[in-house]
Amino acid sequence: MSDSSPLPPVRLHPEAELARDALSTPLLARAVRLARWAGEDTRVDAGGGLVEERLPAAAELLGLTGDDAAAYASEAWRVAVDTGLVDIVDEEEGTVAPGADLALLTGSPQDVLGVWLTALETVLADASVPDLDDLVDAMDDGGEVDLTSLDWDPEAEQEFLDGVLGNLYLLTVSEDGPGDAPVPLPALAASMIVPSDMGEPTNDVLEQVSDAMMRLDDQFRILEPVGLVEYQPVDEALMADTDEEPAAVVDDTDVSRYGMVRLTPLGLYGLRARLLEAGIAAPAVGDLADKGADTLLDGTSVFPPSAAQAETEQWLARREPLAAARELLGAARGADTGAPLRRLRCQQALSLVGPVAEPALRDVLDDAELGGLARVWLTERGFGDVPPPSEDMVFWLTVDTIAAQLAAEGNSEELRALVAGLAQQHSGFFAAAWKVDHPATADVLEAMGRLHPDKRVAKEARKAAFKARSQQGG
């Protein structure tokens with residue numbers, strides 16, 4: 001997430017539902033069972049890990065079988081210790097007891113999620129550690145791990161995984177992203193490796209992507225049991241007949257065989273919590289529901305359209321419609337650079353309010369900044385006795401609308417079409433527009449000069465912009 005633009009708001013599931021999800025994750029559920037099992041005959045080593053001779057009993061308790069049973073039991077025990085579900089009573093003796101934090105799991109949803117977040121941090125740290133076989137190979141004669149021989153930088157490895165998860169979060173919450181759909185592992189790996197301005201990736205870059213895919217395959221297998229992701233691993237048959245790693249770029253028809261990953265609702269909650277902890281603004285739909293209309297309009301100004309609507313719906317649901325309409329209109333006033341976009345968001349919010357808002361709109365018919373907006377609202381809803389706007393009001397509203405669209409979308413195709421249509425419908429538009437008493441008049445006319453496809457009309461717009469700027473004294 002190298003882009004400094006604000007993150008889109010995430011739509012979180014209710015905390016009670018997320019807490020139930022957390023308790024049902026395989027890893028936390030195992031940790032809880034081991035915590036309740038811990039007693040006088042349970043011993044730990046110097047690092048707090050369950051002693052080797054007790055691992056078979058722990059695995060049996062958890063119903064684990066196979067070659068990895070002891071490893072899974074050991075992992076669950078470590079989570080139980082790290083989350084406070086197990087307390088080490090005497091480090092020298094290695095004695096333990098059920099932890100005080102075990103009671104949190106029968107407390108509030110926030111308590112449960114707090115325990116789960118701690119478990120998540122333990123698993124994320126594990127996911128950044130090299131494979132066990134690699135660690136064994138790197139041991140020296142004294143049994144110590146030679147990190148230099150591993151070509152492993154713990155800080156860089158953690159940064160890489162954080163970057164991947166950040167990109168997955170952004171893809172999930174972005175309005176034009178896959179949403180709840182899984183993301184192909186090659187695309188996720190490429191998002192960390194391939195420069196955005198690179199055309200055809202070089203063989204060296206493709207090899208790096210392939211290496212990253214295999215690292216992520218191992219890491220997502222580790223992260224799935226804690227409930228962060230749902231993961232379909234890389235198909236092992238792809239590597240059955242070759243010692244080489246699978247190619248990073250594949251046909252769409254078989255891309256799922258190269259791994260597919262999606263964040264769970266619990267995973268979205270967890271990653272957002274980590275982003276907030278890191279000081280990154282990661283809004284959630286509903287954050288503004290108890291704030292004033294001014295905060296709502298300013299806050300949703302950077303939201304994608306559907307997220308802005310969802311946030312506004314929650315805000316309106318807590319208020320009486322007529323009072324809400326009056327508060328929105330009051331917050332929409334202003335001559336600052338953000339005011340046009342606030343008025344656009346106000347107009348969109350008022351479209352969600354029923355006919356009961358009519359008195360609030362009639363109250364501002366004579367307002368220089370809101371009168372045009374009020375007339376549009378009343379007319380679109382079929383109300384009678386709506387006074388026609390003056391020519392000055394029409395031009396002011398036009399400038400205000402284009403300024404808002406520029407702030408919201410930049411030089412979009414929709415805005416280009418609007419600009420072309422205005423100039424075509426009003427032959428004397430620029431002759432009148434430069435005189436409009438609006439702070440954004442010059443900027444809007446300059447933008448129209450950039451956006452209009454007809455060179456003659458574009459030149460006319462630039463001349464009008466010059467006149468407007470001269471009139472404003474700048």
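Structural notes, computed from the coordinates. The structure presented is a predicted model; accordingly, all values stated were derived computationally and were not measured.

1. Let's talk about the overall build of the protein chain
Piece 1. Each helix and strand in the protein chain was counted, giving 22 helices and five strands.
Piece 2. The principal-axis extent of the C-alpha atoms belonging to the protein chain is close to 90 × 55 × 40 Å.
Piece 3. The contacts in the protein chain between residues at least 6 apart in sequence include a share of 66% that link residues at least 24 apart.
Piece 4. When the accessible surface of the protein chain is summed, it comes to about 24200 Å², and 50% of that surface belongs to carbon and sulfur atoms.
Piece 5. Of note, the protein chain has its 35 positive side-chain charges centred 17 Å away from the centre of its 86 negative side-chain charges.

2. Considerations on the sheet that holds strand E5 (residues 260-263)
Piece 1. On the basis of which strands lie adjacent, the open sheet formed by three strands has the order E3-E5-E4 and antiparallel pairing. The sheet is open, and its two edges are formed by strand E3 (183-184) and strand E4 (229-232), each paired on a single side.
Piece 2. Across two bridges, the pairing between E3 and E5 is antiparallel. By the bridge assignment, Val183 is partnered in E5 with Val261.
Piece 3. Where helix H8 (residues 154-173) meets the sheet, it contacts E3, E4 and E5, and its direction lies at approximately 70° from that of E5.

3. What about the environment of Pro154?
Piece 1. Take Pro154: it is sitting in helix H8.
Piece 2. Overall, Pro154 belongs to the partly exposed group, its relative accessible area being 38%.
Piece 3. Here the alpha-carbon distance between Pro154 and Pro130, two residues 24 residues apart in the chain, equals 9.2 Å.

So, how was this worked out
Residues numbered from 1 in each chain as written. Predicted model: local features only at pLDDT ≥ 70, side-chain atom pairs only at ≥ 80, totals over all residues. Heavy atoms only, no water. Helix = DSSP H or I, 4+ residues; strand = E, 2+ residues; numbered from the N terminus. Contact = heavy atoms within 4.5 Å. Areas by Shrake-Rupley, 256 points an atom, 1.4 Å probe, with all protein chains shown as cover. Lys, Arg positive; Asp, Glu negative; His and termini not counted. Charge placed at Lys NZ, Arg CZ, Asp CG, Glu CD. Pairing = 2+ DSSP bridges. Axes fitted to C-alpha atoms, helices over the stretch in contact; angles between N-to-C directions. Buried < 20%, exposed > 50% of the residue type's maximum accessible area, 1.4 Å probe, protein only.

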